[in-house]
Each structure stands twice: as structure tokens, then as C-alpha cells.
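Examining the three-dimensional arrangement
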Amino acid sequence: MGHSTLNYYSQHSLELAERYESADVTHLHDFLSSSLKPGGRLLELGCGSGRDAAFMVSQGFKVLATDGAASMVEQTKRHHPELTGDVLHLKLPDGLSNALGIFDGIYAVAVLMHLSVPKIKSTISAVTSLLAAKGRFAFSVPARRDDIITNEFDSKGRRFTALSSNEWKTLCLKCDLQIVRTMISEDGLGRGGIVWMNCLAEKA
């Protein structure tokens, strides 16, 4: 993830974590819990406040939560102390090593779009290598985002790589992942001009 993007999340982790906790993500949680193997071992990329990891644990999953900003890892521990022993500071894509083990499912909510296309490719490739046979990768990316000002960056300096649904499908296929389900959802914070595409891919 780029320096300016990580800087933003590092410097605003407190307020961002509060915002994430207030979002209505009922549809997203339904999508995640129904898409991944019940009781499976999961890896979360970009856990933010720990909101989604805590939900998945409550549904019987075993979750290793990670985030590229050390201060967001601390917010996860503050908001969801039950995750303290299962949260790591991990930057994408370099932190995705085989030392993490094998997972039944991996998910990334509003994370991949912050990477450049080459780093998205590297991340998806690493995800495939960490998935068990028939393992699944669920990810959420913008289907529409009206606040990008120039060169794929917003006014806060965060990168937003804009790809079409076909481009995401092609990237996954090149890494031996096939998209088997998609769901379009409105923004959980009620922000106009932002629509999300939730994708589920399965390892070939």
C-alpha cells in the first residue's frame, strides 16, 4: 500500500475506527458469513477497527486479523479485545508469506482498491497460495466512487484504483481464482456517490 494512503490511516485511526464501528454492514456480514466455509480458518486483510473479524468470530469462524497500519491494529485491540491474540500488523503484498499457514477463506473489505494494479496482482497471487483447495476469497471494492479527484487519488491522498468487474474477474482468473458470486451494496455509512461490489472467488 502506498505511503500516502497508509499515512492517512495511521494518522486518523481513532476517528476512522469509530466510523467503521457505526456503519450498517448487515448485508456485507450476511455475504461474508454465507460465502465462507462454516467454522473455517480465515485471514482478514485490512481489519480496520476489527468490526468484521469480531463478527466472523461470533459466527464460529477462526480469524487471523491483519492491517497495514500499526495504529489500526491497536484500534482493533481497543474495540474488540477478544481479538488481541489474533491480530497482526501486516503490509500488502509483502507480508503475505507461507509462514502464516493455510486458510479455508481469506477476505478483504475495502482494501484492494488502495493498491496499485501490480500490487493487486501480487496480493491476489499470494492469496491463492495461502488458500486450501477450494478455498474462497471474498473482497469488497468500489463499483462507483464519485470523490476521486485525479490520478486515482482522493482529496485525502488515498489511492483508489478503479477497475471494472471484468478486470477484477480477469485478475482473479490469472491467479487461478474464479469469481462465483457478486453482490452490489450501498455504502454502509450512507455516503452518496459510493457503491460497493462484493465478490466471492474460489480457488480452482
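Scroll up a little and you will see the structure.
First things first, this report covers the structure right here in the doc. (Residues numbered from 1 in each chain as written. Predicted model: local features only at pLDDT ≥ 70, side-chain atom pairs only at ≥ 80, totals over all residues. Heavy atoms only, no water.)

1. Focus on the environment of K121
Tracing the sequence through the fold places K121 in helix α6 (residues 117-130). Setting aside chain neighbours within four positions, we find K121 in contact with L171 and C175. (Helix = DSSP H or I, 4+ residues; strand = E, 2+ residues; numbered from the N terminus. Contact = heavy atoms within 4.5 Å.)

2. Side note on helix α4 (residues 51-58)
In an α-helix there are 3.6 residues to a turn, and that puts residues three or four apart on one side. Burial in α4 covers these residues: R51, D52, A53, A54 and M56. Along its buried surface, α4 packs onto α2 (13-22), α3 (26-35), β1 (41-45), β2 (62-67) and β4 (103-109). The first or second residue beyond α4 is G60, which carries a positive phi of 95 degrees. (Buried < 20%, exposed > 50% of the residue type's maximum accessible area, 1.4 Å probe, protein only.)

3. A few points about the packing of α3 against α4
It is the contact of α3 with α4, at a shortest axis distance of 11 Å, that shows an interaxial angle of 50 degrees. Considering their axes alone, α3 and α4 lie oblique with respect to each other. α4 is crossed by α3, and the crossing has right-handed handedness. In contact with L28, H29, L32 and S33 of α3, α4 contributes R51, D52, F55 and M56. Within the contact of α3 with α4, the residues separate by chemical class into four nonpolar, two polar and two charged. (Axes fitted to C-alpha atoms, helices over the stretch in contact; angles between N-to-C directions. Parallel < 35°, antiparallel > 145°, perpendicular 65-115°, else oblique. Left-handed = near helix turned anticlockwise from the far one by under 90°. Nonpolar A, V, L, I, M, F, W, Y, C, P; charged D, E, K, R; others polar.)

4. Let's talk about the packing of aromatic side chains
All chains considered together, the criterion is met by three aromatic pairs. Both rings, one in F139 and one in W168, keep their centres 5.5 Å apart while their planes meet at 45 degrees; by these two values the pair is tilted. Here the residue F139 occupies a position in strand β5 (residues 131-145), and W168 occupies one in helix α7 (residues 165-174), the gap between them amounting to 29 residues. No difference in accessibility class separates F139 from W168, as the two residues are buried. (Phe/Tyr/Trp six-rings, centres within 6.5 Å; stacked < 30°, edge-to-face > 60°.)

5. Describing the nonpolar core
By size, the foremost hydrophobic cluster in this structure holds 32 residues, and its most contacted members are L43, L96, I106, F137, F139 and W168. Sorting the residues of this core by element identifies β1, β4, α6, β5, α7, β8 (177-186) and β9 (194-203) as the ones contributing at least two each. Tallying contributions element by element places α6 first for this core, with five residues. For L43, the contacting residues outside a window of four places in its chain are L64, T66, L96, L100, F103, G105, I106, Y107 and L130. (Core = buried A, V, L, I, M, F, W, Y, C linked by side-chain atoms within 4.5 Å.)

6. Regarding the state of the cysteines
For the structure shown, the criterion picks out zero disulfides. Unpaired in this structure, C175 has its nearest cysteine sulfur neighbour in C172, at a distance of 7.3 Å. (Disulfide = S-S within 2.5 Å.)

7. Quick look at the side chain of T161
Within the fold, T161 resides in the loop between β7 (153-154) and α7. Overall, the relative accessible area of 4% leaves T161 in the buried class. Separated by 2.6 Å, the side chain of T161 and the backbone oxygen of L115 make a polar contact. In this structure, T161 is in contact with M113, L115, S116, V117, I120 and E152, ignoring residues within four places of it in sequence. (Polar contact = N/O pair within 3.5 Å; in protein donor to acceptor, adjacent residues only side chain to side chain.)

8. Brief notes about the side chain of S140
Inspection of the secondary structure assignment puts S140 in strand β5. Given the relative accessible area of 5%, S140 is considered buried. If we ignore the near neighbours within four places in the chain, the residues touching S140 are A108, V109, A110, V111, W196, M197 and N198.

9. So, the sheet that holds β5
Reading across from one edge, β3-β2-β1-β4-β5-β9-β8 is the order of the seven strands in this open sheet, with mixed pairing throughout. Lying at the two open borders of the sheet, with one neighbouring strand each, are β3 (87-89) and β8. Ignoring which end each strand starts from, the neighbouring axes of this sheet average 20 degrees apart. Pairing of β4 with β5, which is carried by six bridges, proceeds in the parallel orientation. Residue pairing across strands places A108 opposite F139, the latter belonging to β5. Here α4 sits on the sheet and contacts β1, β2 and β4; the angle it forms with β4, its principal contact strand, is near 145 degrees. Contacts from α6 reach β1, β4, β5, β8 and β9 within the one sheet, and its direction differs from that of β5 by about 150 degrees. (Pairing = 2+ DSSP bridges.)

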